[in-house]
Amino acid sequence: LGIHALLVVTVTLSPGTAAAWSENDVTGEHVYPPLWDLAPENLLDFPVKDNRIVLSAWNYQDRLGVYKSLLNASAKYFGAFGPQNSGNTLWGLPLQHGWQFRTGRLADPSGVTSCGYENGELLCQSVRSWWSCMNYYLAIIPFLGAVEAGLFGQLPYEIEILPPKEQKDDFCYSVKDCRSRMPKLMDDWKAFFEYLLSTEQKAVNSVSFSSFKLDDALGLMWKAHTSSIAYALPKFQDRLKYLSDPEANFGEDWASAVDFIAATHFSTDFPTTNHFQVFLPQRMLVEGDVLPSISDFSPQQNKVLVSMRALHKTNKLTGGLLLKLWQKAMSTEAGRKMGRKLIESLASS
């Protein structure tokens with residue numbers, strides 16, 4: 001199956017998400033994740049106890065601080081790709097997390113606790129939230145991989161991640177703990193950060209980080225990203241029961257779509273991520289939400305959800321063959337460029 005035919009298949013599965021970007025511009029307060037300015041800037045802004053830097057991964061602000069620390073520590077590697085660190089490919093992670101917080105996806109969906117609700121503990125992230133648990137593997141694991149790779153240099157203290165009140169065995173809490181329990185996952189994230197660090201070594205005798213190849217960096221980052229999701233998906237299958245059927249379906253569709261996007265080495269810098277996030281649902285899906293006619297969603301949001309559903313279903317029906325063919329088509333730089341153009345055209349034509 002040639003790349004052209006495969007793209008036609010994918011376009012057929014994905015009705016055009018007709019939307020002019022100018023009409024869907026991100027409003028000022030939505031450009032950065034909520035409370036971004038209040039998050040810790042770097043690791044030494046977190047509390048130190050018993051010679052350990054202590055982070056509460058179940059507090060939204062602390063998790064944001066983890067992302068902010070990663071962005072600040074890696075900023076120098078991305079200077080050539082946009083002003084004020086806007087070209088940093090790690091922006092996709094906190095911006096997605098901000099969308100999850102803003103849309104109520106990190107709160108306790110079982111309703112047993114007030115975790116994550118405005119009239120309760122607003123900044124609490126629930127261990128019963130499928131989104132919050134999945135995101136742990138896209139926040140804490142990348143962060144600890146970066147620590148292990150040496151992105152933060154020689155730290156004066158060890159890092160300790162505080163556990164949730166329940167389901168503690170589903171997570172790991174330090175570099176050593178995660179390294180022993182999920183070595184491949186740690187390897188994948190470490191490899192991405194080691195690639196960044198290696199460009200610094202090569203640049204010592206040169207004026208700039210000229211050896212940095214964005215496509216290579218994106219390839220390593222997406223490999224780690226999809227590894228995190230693949231590891232976490234079966235682990236948190238039981239959390240889907242707290243969600244409505246439409247929301248649970250959307251969660252699984254989202255996870256599946258990431259595999260297709262990853263294969264194109266799609267840029268997850270600041271402007272690109274903000275551009276595409278307007279097409280995601282701005283609230284949780286509830287019983288009674290029927291695609292493609294959810295009345296308070298834009299036509300584009302409805303169409304994107306239909307596209308993601310179709311892609312996931314077709315990939316399942318073909319036993320994963322669609323994804324394999326897509327990945328094969330995306331195995332060259334020229335193929336990936338076509339893939340990215342297709343994704344961009346679906347969201348703007």
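Residues numbered from 1 in each chain as written. Predicted model: local features only at pLDDT ≥ 70, side-chain atom pairs only at ≥ 80, totals over all residues. Heavy atoms only, no water.

An unreviewed UniProt entry annotates the chain as LEG1H protein originating from Sylvietta virens. Reading the Subcellular location (unreviewed entry) entry of the UniProt record for the chain gives the comment "Secreted". A UniProt comment under Sequence similarities (unreviewed entry) is attached to the chain, and it reads "Belongs to the LEG1 family." (UniProt positions renumbered as here; feature names shortened; annotations may be inferred.)

Regular strands have side chains that alternate between both faces of the sheet. Looking at chain direction, strand 1 (residues 48-49) and strand 2 (residues 52-56) are connected through two bridges and run antiparallel. Each bridged residue has a counterpart across the sheet, and for Val 48 the counterpart in strand 2 is Ile 53. In this antiparallel pair of consecutive strands, strand 1 and strand 2, the connection spans two residues, and Asp 50 shows a positive phi of 50°. (Pairing = 2+ DSSP bridges. Helix = DSSP H or I, 4+ residues; strand = E, 2+ residues; numbered from the N terminus.)

The full count for this structure, using the stated rule, is 17 salt bridges. Linking Arg 181 and Asp 177 is a salt bridge whose minimum nitrogen-to-oxygen distance equals 3.3 Å. Here Arg 181 and its partner Asp 177 are both found in helix 6 (residues 175-181), four residues apart, which amounts to about one turn of the helix. When the shortest N-O distance is used, the salt bridge between Asp 253 and Arg 309 registers 2.8 Å. Remark: Arg 309 occurs in helix 11 (residues 299-317) and Asp 253 occurs in helix 9 (residues 245-263); sequence separation between them is 56 residues. For Asp 253, a relative accessible area of 3% translates into the label buried. With relative accessibility at 22%, the residue Arg 309 sits in the partly exposed group. (Salt bridge = Lys/Arg side-chain N within 4 Å of Asp/Glu carboxyl O. Buried < 20%, exposed > 50% of the residue type's maximum accessible area, 1.4 Å probe, protein only.)

Next up on the list: the sheet that holds strand 1. Judged by pairing direction, the sheet is mixed, and its three strands sit side by side in the order 1-2-3 without closing on themselves. Looking at the sheet topology across the chains shown, the edges are occupied by strand 1 and strand 3 (158-162). Across five bridges, the pairing between strand 2 and strand 3 is parallel. Within the sheet, the bridge partner assigned to Val 54 lies in strand 3 and is Glu 160.

Under the counting rule described, the total for this entry stands at two disulfides. Two residues, Cys 115 and Cys 124, share a disulfide whose sulfurs are 1.9 Å apart. Disulfide Cys 115 to Cys 124: torsion about the S-S bond roughly -90°, handedness left-handed. Since its relative accessible area comes to 19%, Cys 124 is described here as buried. If one numbers only the bonded cysteines of the chain, in the order they occur, the disulfide pattern is 1-2, 3-4. (Disulfide = S-S within 2.5 Å.)

Moving on to the packing of aromatic side chains. If you walk through the whole model with that rule in mind, you get 25 aromatic pairs. Judged by centre distance (4.9 Å) and plane angle (40°), the rings of Tyr 32 and Phe 270 are tilted. You can see Tyr 32 sitting in the loop between helix 1 (3-13) and strand 1 and its partner Phe 270 sitting in helix 10 (residues 270-277), a full 238 residues away along the chain. Judged by its relative accessible area of 40%, Tyr 32 falls in the partly exposed class. Residue Phe 270 is classed as buried on the basis of its relative accessible area of 12%. Among the aromatic residues, those joined into a cluster by ring pairs are Trp 58, Tyr 136, Tyr 137, Phe 171, Tyr 231 and Phe 236. Against the face of Trp 58 rests Arg 63, its NZ or CZ located 4.9 Å from the ring centre. Over the aromatic face of Trp 36 sits the side chain of Lys 68, whose NZ or CZ is 5.3 Å from the ring centroid. (Phe/Tyr/Trp six-rings, centres within 6.5 Å; stacked < 30°, edge-to-face > 60°. Lys NZ or Arg CZ within 6 Å of the ring centre and 35° of its normal.)

This part covers helix 13 (residues 333-346). With 14 residues, helix 13 extends 20 Å between its outermost C-alpha atoms, agreeing within 8% with the 20 Å of an ideal straight helix rising 1.5 Å per residue. Among all positions in helix 13, only Gly 335, Arg 336, Gly 339, Leu 342, Ile 343 and Leu 346 are buried. For helix 13, the angular spread of buried residues about the axis comes to 115°, placing them on one side. What points out from helix 13, more than 90 degrees from its buried face, is the exposed set Ala 334, Lys 337 and Lys 341. (Expected span 1.5 Å × (residues − 1). Arc of directions from axis to C-beta.)

Now for unusual backbone geometry. Pro 292 follows Leu 291 through a cis peptide bond whose omega is 0°. The phi dihedral of Asp 50 is positive, around 50°, even though this residue is not glycine. Mapped onto the secondary structure, Asp 50 falls in the loop between strand 1 and strand 2. Judged by relative accessible area, which is 67%, Asp 50 ranks as exposed. Phi is positive for Gln 84, close to 50°, though the residue is something other than glycine. Looking at where Gln 84 falls in the secondary structure, it is placed in the loop between helix 2 (60-74) and helix 3 (92-102).

Now for the side chain of Asn 302. Secondary-structure assignment places Asn 302 in helix 11. Asn 302 sits in the buried class, given a relative accessible area of 4%. For Asn 302, the side chain forms a polar contact with the main-chain nitrogen of Ser 293, separated by 3.4 Å. Once residues within four sequence positions are removed from consideration, Asn 302 is found in contact with Leu 291, Pro 292, Ser 293, Ile 294 and Phe 297. (Polar contact = N/O pair within 3.5 Å; in protein donor to acceptor, adjacent residues only side chain to side chain. Contact = heavy atoms within 4.5 Å.)

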